[in-house]
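Now for the letters of each chain:
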Amino acid sequence: RAIVGPDVPVGLVPNGIDTTRFAPADAGERGALRRKLGLPDGRPIIVFVGFFSDDKQPRVLFDAWLQVRAAGLDCTLLFVGATTSAYFEVNSRLAEQMRDDAGRAGVLDRLVFARASEHGHAAAAGRLVAPLCAGSAAALRALHPGARP
């Protein structure tokens, strides 16, 4: 609310997930997972899980993260997934460009890449984000039933 304003409809859009297997970690479990995975404790971590393709829009999330940080929220962005691969959809330039841009912005220490996905990454973070692409206009959206796209 503080970032988007009081008049912007914000809501939760549930995604089909096995809530037994992927149950939220409590504060103690989250802290232990963060230490085990070498992730920072004491600040929010935003997680993207997926390989780096233009369709999955990791760059949109990265740019939104820079804006959120500029607005005053000290948080870490964690990308979990393949940044390089022989698979045709993976764009290996994306991660390299984000590292360069994070370095220029002075936030490289808040940008983390993890190759392999373990259940612990999402549980350690508590915030899992997926940028959405609608046609050629990409946007990071949290849609409420009454919100306009």
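All figures in this text were calculated on a predicted structure; none of them were measured in a lab.

(A) The arrangement of the overall build of the protein chain in detail. If you tally the helices and strands in the protein chain, you get four helices and six strands. Ordering the α and β elements of the protein chain from the N terminus gives α-β-α-β-α-β-α-β-β-β. Counting the 149 residues in the protein chain, one finds 34% classified as buried. Taking the intrachain contacts of the protein chain between residues at least 6 apart in sequence as the baseline, contacts between residues at least 24 apart amount to 71%. Working note: accessible area of the protein chain is about 9,300 Å², and carbon and sulfur atoms make up 54% of it.

(B) Structural context of the packing of helix H2 (residues 58-70) against helix H3 (residues 93-105). In the contact formed by H2 and H3, the axes pass within 10 Å of each other and the chain directions differ by 10°. With respect to H3, the element H2 is oriented roughly parallel. Counted together, Pro58, Arg59, Phe62 and Leu66 of H2 and Leu94, Gln97, Met98, Asp101, Ala102 and Ala105 of H3 form the full contact between these two elements. Class assignment of the residues belonging to the contact of H2 with H3 gives a composition of seven nonpolar, one polar and two charged.

(C) Here's a closer look at the nonpolar core. Of all hydrophobic cores here, the largest spans 16 residues; its most connected members are Phe62, Trp65, Leu77, Phe79, Met98 and Leu111. Contributing elements (two or more residues each) for this core: strand E1 (45-49), H2, strand E2 (76-80) and H3. Not counting residues within four places of it along the chain, the set of residues in contact with Phe79 comprises Phe48, Phe52, Pro58, Leu61, Phe62, Met98, Leu111, Val112, Phe113 and Ala114. Judged by nonpolar contacts, the second largest core, of 11 residues, contains Leu33, Val47, Ala123 and Ala125.

(D) Examining the pattern of salt bridges more closely. In the structure shown here, the tally under the stated rule is seven salt bridges. When the shortest N-O distance is used, the salt bridge between Asp101 and Arg59 registers 2.6 Å. In this pair, Asp101 sits in helix H3 while Arg59 sits in helix H2, placing the two residues 42 residues apart along the sequence. Among the residues examined, Arg59 registers a relative accessible area of 23% and is labelled partly exposed. The salt bridge partner of Asp109 is Arg110, with a shortest N-O separation of 3.0 Å.

(E) Geometry of the side chain of Arg110. With respect to the helices and strands, Arg110 occurs in the loop between H3 and strand E3 (111-114). Classification of Arg110 as buried rests on a relative accessible area of 16%. At a separation of 2.9 Å, a polar atom in the side chain of Arg110 contacts the side chain of Asp74.

Reading guide: rules and limits
Residues numbered from 1 in each chain as written. Predicted model: local features only at pLDDT ≥ 70, side-chain atom pairs only at ≥ 80, totals over all residues. Heavy atoms only, no water. Helix = DSSP H or I, 4+ residues; strand = E, 2+ residues; numbered from the N terminus. Buried < 20%, exposed > 50% of the residue type's maximum accessible area, 1.4 Å probe, protein only. Contact = heavy atoms within 4.5 Å. Areas by Shrake-Rupley, 256 points an atom, 1.4 Å probe, with all protein chains shown as cover. Axes fitted to C-alpha atoms, helices over the stretch in contact; angles between N-to-C directions. Parallel < 35°, antiparallel > 145°, perpendicular 65-115°, else oblique. Nonpolar A, V, L, I, M, F, W, Y, C, P; charged D, E, K, R; others polar. Core = buried A, V, L, I, M, F, W, Y, C linked by side-chain atoms within 4.5 Å. Salt bridge = Lys/Arg side-chain N within 4 Å of Asp/Glu carboxyl O. Polar contact = N/O pair within 3.5 Å; in protein donor to acceptor, adjacent residues only side chain to side chain.

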